[in-house]
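Architecture at a glance
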Amino acid sequence: MATQPDEGIRRELSLGEVLSKTFEIYRQDFVKYFILFAVIGVITGVLTALARHAFALPTLPPNATSQQVASWFAGFFGALIPLVFSIFAVTVVFFPIAQGSAIKMASERIEKGKVDLGVSVRFAVSKLLWIWALSILVGIIVVLGFIALVIPGIILAIMFALSFPALIIENKGVTDSMGRSRELVGQRWLKTFATYLVMAIIVGIASAVVSGISGLFGIASPVVNGILSAFYQPLFPILLAVYYYSNAARIVPPQTGQTAASTTMTAQTGIKFCPNCGTQVASSAAFCPKCGAKLS
């Protein structure tokens, strides 16, 4: 049976509706999300296991002398630094691909009612440099906010919470995505914080359970953890996409009736309206310059 197009998100959703829609999309395309995150998880798990083997941390012998402690201390940090760097590099390369692909898949499900895993992954890979740049810039700003005082850091994290879906869904640049996130989150600071906090608790509990199980597998624990984590890791990027559309609908409600008539009336004058946000665009335009939606 052919998949029926999704009705999309045409109004702002409540916190409960955002979470419900997130789990609905997760259930609809569970297999694709699981494959995506399991593959990425296995790759990162294998590379992490290899890094731990290559840069094994030395153990301090019992009743060690001061000379042995000094030797252990030098060896410990000599192995720890490259180990941390290796794991960080692997995470930075592969994790954004999974996150970007999941956001793109959720967007396709919301807008078109169908998902193509391969297309979503290729799109995320094509945006990888922009994702890295956005991650670095937002990360530096938020960290500086936390260093100054904790509250500014939380405010900045909320302000730029929708930067990544803006980058992926609207195909915006780094600074434009940050500006778009600030616009979308405006007047919904507490709701944004509550939404992310609830999902963080859900994901945190799932992560603790998975870590406890995977820790039983010794050297293979990174690989096992990568596979089991695929059950919950898609939830956050799906939530980002759902919350993005919810706020976008609040800012620019879908146009009805009059807009449809206007579209018909202006078709002969070389202009048309975006079906997603109602923005007037040239008839030759392939994408909406405001929301980035593809125009038929």
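Above this text you will find the structure in question.
The paragraphs below set out a description of the structure included in this document. Nothing here was measured: the structure is a model prediction, and the numbers come from that model.

1. As for the overall build of the protein chain
Summing up its helical and strand segments, the protein chain has 12 helices and two strands in all. Helices (α) and strands (β) of the protein chain occur, in sequence order from the N terminus, as α-α-α-α-α-α-α-α-α-α-α-α-β-β. A buried classification covers 41% of the 296 residues belonging to the protein chain. A total accessible area of about 15600 Å² is found for the protein chain, and carbon and sulfur atoms account for 69% of it.

2. A word on the pattern of salt bridges
Taken as a whole and assessed by the stated rule, the structure comprises 11 salt bridges. Glu12 is the partner of Lys191 in a salt bridge, and the nearest nitrogen-oxygen pair spans 3.1 Å. In this pair, Lys191 is assigned in helix H9 (residues 189-214) and Glu12 in the segment before helix H1 (15-28), connecting sequence segments 179 residues apart. Linked through salt bridges whose partners overlap, the residues forming this network are Glu12, Arg188, Lys191 and Arg250.

3. Details of the packing of aromatic side chains
Summed over the entire model, instances satisfying the criterion amount to seven aromatic pairs. Here the aromatic residues Tyr26, Phe30, Phe34 and Phe231 are joined through ring pairs into a cluster of three or more. Against the face of Phe123 rests Lys104, its NZ or CZ located 4.3 Å from the ring centre.

4. Re the environment of Ser207
Secondary-structure assignment places Ser207 in helix H9. Exposure remark for Ser207: the relative accessible area of 26% places this residue in the partly exposed category. For the pair Ser207 and Tyr232, spaced 25 residues apart in the sequence, the C-alpha separation amounts to 7.8 Å.

5. Observations concerning the layout of surface pockets
The volume enclosed by the largest pocket comes to roughly 740 Å³. Taken together, 28 residues make up the lining of the largest pocket; nearest its centre are Phe95, Gln99, Ser135, Phe164 and Leu240. Put simply, the parts of the chain that give the lining of the largest pocket at least two residues each are helix H3 (66-112), helix H5 (128-148), helix H7 (163-169), H9 and helix H11 (235-251). Among the residues forming the lining of the largest pocket, the class breakdown is 21 nonpolar, seven polar and no charged. Size it by volume and the second largest pocket reaches roughly 370 Å³. Forming the boundary of the second largest pocket are 23 residues, of which Lys104, Ile169, Phe287, Gly292 and Lys294 lie nearest the centre. Elements supplying a minimum of two residues to the lining of the second largest pocket: H3, helix H4 (117-126), H7 and H11. In terms of residue count, the dominant contributor to the lining of the second largest pocket is H3 (five residues).

6. A few points about the nonpolar core
Ranked by internal contacts, the top residues of the largest apolar core, which has 50 residues, are Ile25, Tyr33, Leu162, Tyr196, Ile238 and Val242. Top element by residues in this core is H11. It accounts for 10 residues. Other than its neighbours up to four places away in sequence, Val242 contacts Ile9, Leu13, Val18, Lys21, Thr22, Ile25 and Ile110. Membership of the second largest hydrophobic core comes to seven residues, among which are Val252, Cys277, Cys288 and Leu295.

7. A short note on unusual backbone geometry
You will see that Asn171, though not glycine, has its phi angle at about 60 degrees, which is positive. Among the structural elements, Asn171 can be located in the loop between H7 and helix H8 (174-185). Positioned with a positive phi, Gln187 is a non-glycine residue whose angle comes to about 65 degrees. Summarising the element assignment, Gln187 is placed in the loop between H8 and H9.

8. Description of the packing of H8 against H11
Contact geometry of H8 with H11 gives a least axis separation of 9 Å together with a crossing angle of 70 degrees. Classified by the angle between their axes, H8 and H11 sit roughly perpendicular to one another. Residues Arg180, Glu183, Leu184 and Val185 of H8 pack against Tyr244, Asn247, Ala248, Arg250 and Ile251 of H11. Here the residues of the contact of H8 with H11 sort into five nonpolar, one polar and three charged.

9. Things to note about a nonpolar patch on the surface
A cluster of nonpolar side chains, Leu190, Phe193, Leu197, Ile201, Ile205, Val209, Ile213, Leu216 and Phe217, forms an exposed patch at the surface whose accessible area comes to about 910 Å². On the secondary structure map, Val209 appears in helix H9. Residue Val209 is classed as partly exposed on the basis of its relative accessible area, which comes to 48%.

The rules behind the values
Residues numbered from 1 in each chain as written. Predicted model: local features only at pLDDT ≥ 70, side-chain atom pairs only at ≥ 80, totals over all residues. Heavy atoms only, no water. Helix = DSSP H or I, 4+ residues; strand = E, 2+ residues; numbered from the N terminus. Buried < 20%, exposed > 50% of the residue type's maximum accessible area, 1.4 Å probe, protein only. Areas by Shrake-Rupley, 256 points an atom, 1.4 Å probe, with all protein chains shown as cover. Salt bridge = Lys/Arg side-chain N within 4 Å of Asp/Glu carboxyl O. Phe/Tyr/Trp six-rings, centres within 6.5 Å; stacked < 30°, edge-to-face > 60°. Lys NZ or Arg CZ within 6 Å of the ring centre and 35° of its normal. 1 Å grid on protein atoms, 1.4 Å probe; cavity = no way out; pocket = protein on both sides within 12 Å on 5 of 7 lines; lining within 4 Å. Points joined across faces, edges and corners; volume = space filled by probe spheres on them. Nonpolar A, V, L, I, M, F, W, Y, C, P; charged D, E, K, R; others polar. Core = buried A, V, L, I, M, F, W, Y, C linked by side-chain atoms within 4.5 Å. Contact = heavy atoms within 4.5 Å. Axes fitted to C-alpha atoms, helices over the stretch in contact; angles between N-to-C directions. Parallel < 35°, antiparallel > 145°, perpendicular 65-115°, else oblique. Patch = residues over 30% accessible without salt bridge, like charges linked within 9 Å, V, L, I, M, F, W, Y side chains within 5 Å.

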